[in-house]
Amino acid sequence: MNTSTALFDLAVAGVRQLVPYVPGKPVEELERELGLSKIVKLASNENPLGISPKAKAAIERVSSDLALYPDGSGFHLKHALAKKYQIAVEQITLGNGSNELLELVARTFLTPDLEVIFSEHAFAVYPLVTQAVGARAIVVPALNYGHDLDAMLASVTPNTRLVFIANPNNPTGTLLAQDKLLAFIQALPRHVICVLDEAYFEFVSAEGQCDSLSWLPSCPNLLITRTFSKAYGLAGLRVGYGISSPEMADLLNRVRQPFNNNSLALAAAEAALSDDEFLQRTITTNQVGMRYLTEAFQQLGLSWIPSAGNFVAVDLKQTAMPIYQALLARGVIVRPVANYAMPTFLRISIGTAEENQLFISALQAVLNV
Ligand SMILES: *Cc1c(COP(=O)(O)O)cnc(C)c1O
């Protein structure tokens, strides 16, 4: 008897059909493969400046106390978030990365007979959490690589329970206009929950930023998710949060594991939140790097999708995989996005000035220009 097949058959249908998430290639793996020591990783939208010095100090402070369970209520971090965003502590749900919020909302509201709407080219975790609970994914064709809100609204049925919107979206970087997004959320029927994924919120310019928190009092079905993984540079510690009505937060908190955030992560996130200097430096580095990369693309005759995030999708007008492989051989890791139905694109995370230059030199060499 083939026992592995038998075990596979025991898994729930949604899990059997899941395509596992493929993360960016780890630096250490490429170092091992190539025997290189200077690797440039611009593949996972991480913060090129590392972590805030205040967060680092907080980790050192807490590291002697790790025999104790963490504070399962996240008291200090939640109070710091509540103060910063002028919201109530009861509106916050902490997650092990904001990815956990996406999973919590799926487990809280979905059953196999229900439908979930998201856009073509939207973040890969939406289909994952949808399928894992056996719900049906309704993928709405994109409009100029962004969300087609009218088409998404037209796809709502009595069985729709969740809509995922990433703003800005990953991997396209597209941004929705505030008035259009609010009108969409307000037009959703009461049986539909809207998850507004703002993982790249901090990178959006002041003019582009949605005042989404101010929508919450009139939108009890809205869950806004944000993260410490990107602008705050704590991807390795896994801290994200949801902001919603207290009713929504209460439900999500019932499903959440009691100690889902570890002590180091809680302390680091609280400290990072207070480090405005580091956040500003991160945003400026991103703006300067985005300008440099897009100007270089222009000179190379390449087009790209204008991005509001800390990454940019560039169109190579040819199958991108060989270019990705050739860049890897030169020690540069970027992200192929064929799994997002964008086979001619590569997604480049904005790095430091030096990393951006090394990437562009490698790209020029690989493209023979
Ligand atoms: C990176 C990212 C996240 C955040 O992931 P974490 O679990 O918080 O590290 C969420 N949504 C999108 C669209 C992302 O790109």
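### Points about the site of the ligand
At step 1: In the region of the ligand, the neighbouring residues are Gly97, Ser98, Asn99, Phe123, Asn170, Asp197, Ala199, Tyr200, Thr227, Ser229, Lys230 and Arg238.
At step 2: Lys230 is positioned with one of its side-chain polar atoms (N or O) 3.3 Å from an oxygen atom of the ligand.
At step 3: Coverage of the ligand by the protein amounts to 94% of the 390 Å² it exposes when considered alone.
At step 4: Looking at side-chain class alone, the shell around the ligand contains three nonpolar, six polar and three charged residues.

### Some details on the sheet that holds strand E7 (residues 222–227)
At step 1: As summarised here, the arrangement of the seven strands in space is E2-E8-E7-E6-E5-E3-E4, forming an open sheet in which the pairing is mixed. If you trace the sheet from one side to the other, it starts and ends with strand E2 (92–95) and strand E4 (136–140), each paired once. Strand-to-strand twist of the sheet, defined as the mean angle between neighbouring strand axes without regard to direction, takes the value 20 degrees.
At step 2: Direction of pairing for strand E3 (residues 115–119) relative to strand E5 (residues 160–166): parallel, over a ladder of three bridges. Paired with Val116 across the strands is Leu162, a residue of E5.
At step 3: Running over the sheet, helix H10 (residues 246–255) touches E2, strand E6 (193–197), E7 and strand E8 (240–244) and is turned about 30 degrees from E2.

### Here we look at the domain arrangement of the chain
At step 1: With domains assigned, the chain is organised as domain 1 (12–41 + 277–367) and domain 2 (64–272).
At step 2: The gap between the C-alpha centroids of domain 1 and domain 2 is 25 Å.
At step 3: In this complex, domain 1 contributes 26 residues to the contact, which on the side of domain 2 involves 26 residues.
At step 4: Summed over both partners, the interface of domain 1 with domain 2 buries about 2100 Å², with 69% contributed by carbon and sulfur atoms.
At step 5: When the buried surface of domain 1 facing domain 2 is broken down by residue, Ala308, Phe311 and Tyr340 rank first, second and third, together holding 26% of it.
At step 6: The interface formed by domain 1 and domain 2 contains zero salt bridges.

### Brief notes about the packing of helix H6 (residues 98–109) against helix H7 (residues 125–132)
Relative placement of two packed helices is described by the angle separating their axes and the distance separating the axes.
At step 1: Interhelical geometry of H6 versus H7 gives an angle of 35 degrees and a closest axis separation of 9 Å. The handedness of the crossing between H6 and H7 is right-handed. Across from Asn99, Leu102, Glu103 and Ala106 in H6, the residues of H7 making contact are Val125, Tyr126 and Val129.
At step 2: Tallied by class, residues from the contact of H6 with H7 come to five nonpolar, one polar and one charged.

What counts as what
- Residues numbered from 1 in each chain as written.
- Predicted model: local features only at pLDDT ≥ 70, side-chain atom pairs only at ≥ 80, totals over all residues.
- Heavy atoms only, no water.
- Near = heavy atom within 4 Å.
- Polar contact = N/O pair within 3.5 Å; in protein donor to acceptor, adjacent residues only side chain to side chain.
- Areas by Shrake-Rupley, 256 points an atom, 1.4 Å probe, with all protein chains shown as cover.
- Nonpolar A, V, L, I, M, F, W, Y, C, P; charged D, E, K, R; others polar.
- Pairing = 2+ DSSP bridges.
- Helix = DSSP H or I, 4+ residues; strand = E, 2+ residues; numbered from the N terminus.
- Axes fitted to C-alpha atoms, helices over the stretch in contact; angles between N-to-C directions.
- Contact = heavy atoms within 4.5 Å.
- Domains from an automatic or database assignment.
- Buried area = accessible area lost by both parts, 1.4 Å probe.
- Salt bridge = Lys/Arg side-chain N within 4 Å of Asp/Glu carboxyl O.
- Left-handed = near helix turned anticlockwise from the far one by under 90°.

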